[in-house]
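# Working through the structure, step by step
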Amino acid sequence: MSDAPTQSAPPAPGPGNSGAGAGGPLGSPEAPITSTPAAPAKTVTRPADRIFTTLTTGSAVFVTVLIGAIGVFLVWRAVPALSRNEVNFLTSSKWVTTDINNMAFGVLDLFQVTVLVSLVALVLAMPVALGIAIFLTQYSPKRLAKPLAYVIDLLAAVPSIVYGLWGLLIFAPAIRPVAVWLNDHLGWFPLFATGSGSIQGGGTIFTAGIVLAVMILPVITAVTREVFVQTPVAHIEAALALGATKWEVVKTTVIPFGKSGYISGSMLGLGRALGETMALYMILRTTSKAFGWSVFDTGSTLASKIALGYAEFNNDIQAGAYIAAGLVLFVLTFVVNAAARAAIAGKKD
């Protein structure tokens, strides 16, 4: 006999064991596997987060309500004076408010002077601020960039009345030869034509615009510089790896990245220029001549006109005329900010 172990052949599949090995222990089919969705994790709100959310929401609502309240106040105080006005408030250049029974006041010239002096300041300040921001963030050594940035930022701390004194007593005589040359050689162009102001005296929009440009320069520079610093290093390194020069890096990477911030800073500076009072009050001279859109014109801005008429504020009707001018300035600021936000939104990729 052989001692080899005997092996039993596996049973042939048949009707009795057709499901054996594929199902349960007795050949019954396995139950389908079902996955029950996990319960969503419960969000835990900490007390500090709840307090912070409440404070930020309340601050936003408070600021909105405050701005609305200011607008309502301006309209409420301006309506009595406007109801007595004998000329069109928006298209007239007259300003006679001494007799409350025969009031004739309009903001046409005030509006035009405000817009022109602000545009002159913005056109002069924007390229200078852009150049300073590029130099401080891309070209200047670090040990030199910080002191220069501090010095430029300190320009914003100088009181506006100091700018007015400097512009009237020191800057105007120094810039007089340039003003005379522009008037003599470019007087055929309306912007540099002889206006209602005295070129020799310096109390013109030309002088006021340059002084105002110095005043808004640190605002535009600071915002632009902070945005340029945030340019991703990977973008700069990629441009350098492709063989771009330093200027090409700035032109193709830094400026496109910070364009929206540059525009925002410029509009912030424009808002400062529109509301500037004391410096323009000291430099510009009042006049009865019509405004001709020349930088050698003079006159009053909306803000400086309000400051000029402070002696009439003891009468509600007379004060209402100046409050109406303030309402125009209030609306103008809103329009400028809305236009800036629309321009920035249109430039987003």
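Calculation rules
- Residues numbered from 1 in each chain as written.
- Predicted model: local features only at pLDDT ≥ 70, side-chain atom pairs only at ≥ 80, totals over all residues.
- Heavy atoms only, no water.
- pLDDT = per-residue confidence, 0-100.
- Helix = DSSP H or I, 4+ residues; strand = E, 2+ residues; numbered from the N terminus.
- Contact = heavy atoms within 4.5 Å.
- Phe/Tyr/Trp six-rings, centres within 6.5 Å; stacked < 30°, edge-to-face > 60°.
- Buried < 20%, exposed > 50% of the residue type's maximum accessible area, 1.4 Å probe, protein only.
- Expected span 1.5 Å × (residues − 1).
- Salt bridge = Lys/Arg side-chain N within 4 Å of Asp/Glu carboxyl O.
- Polar contact = N/O pair within 3.5 Å; in protein donor to acceptor, adjacent residues only side chain to side chain.

### Here's the deal with the confidence of the model for the protein chain
Here the protein chain averages 85 in pLDDT, while 87% of its residues score no lower than 70. Per-element mean pLDDT across the protein chain ranges from 86 in helix 10 (residues 316-346) up to 94 in helix 2 (residues 108-139). Between residues 14-24, whose pLDDT stays under 50, and residues either more than four places distant or in other chains, the model counts nine contacts.

### A few points about the packing of aromatic side chains
Considering all chains together, one arrives at eleven aromatic pairs under this definition. Between Trp188 and Phe189, the ring centres sit 5.9 Å apart and the planes meet at 70°, which makes this aromatic pair edge-to-face. Residue classification places Phe189 among the partly exposed residues on the basis of a relative accessible area of 38%. Among the aromatic side chains, those forming a connected cluster through ring pairs are Phe89, Trp95, Phe105, Phe313 and Tyr322.

### Topic: unusual backbone geometry
Non-glycine residue Trp293 carries a positive phi angle of around 60°. Owing to a relative accessible area of 36%, Trp293 belongs among the partly exposed residues under this scheme.

### Some thoughts on helix 4 (residues 160-186)
An α-helix turns once every 3.6 residues. As a result, residues three or four positions apart point the same way. Here helix 4 contains 27 residues, and its C-alpha end-to-end distance of 31 Å is more than 12% below the 39 Å for a straight helix at 1.5 Å per residue. Against helix 5 (205-229) and helix 8 (278-283) lie the buried residues of helix 4.

### Brief notes about the pattern of salt bridges
This model, assessed by the stated rule, comprises four salt bridges. In this structure, Arg77 and Asp316 form a salt bridge, with 3.3 Å as the shortest nitrogen-oxygen distance. A residue pair is termed long-range when its members are at least 10 positions apart, and Arg77 in helix 1 (residues 47-84) and Asp316 in helix 10 qualify at 239 residues. Note on Arg77: relative accessible area 23%, which makes it partly exposed. Judged by relative accessible area, which is 53%, Asp316 ranks as exposed. Ionic pairing is found between Arg272 and Glu276, a salt bridge with its closest N-O pair at 3.5 Å. Taking the relative accessible area as the measure of exposure, Arg272 reaches 29% and is therefore partly exposed. Each of Asp153, Arg225 and Glu226 takes part in a single network of salt bridges with overlapping partners.

### What about the environment of Asn315?
Tracing the sequence through the fold places Asn315 in the loop between helix 9 (302-308) and helix 10. The exposure class of Asn315 is partly exposed, given its relative accessible area of 24%. Residues Asn315 and Ile100, spaced 215 residues apart in sequence, show a C-alpha to C-alpha distance of 9.1 Å. Here the side chain of Asn315 touches Gln318 through a polar contact of 3.2 Å, landing on its backbone nitrogen.

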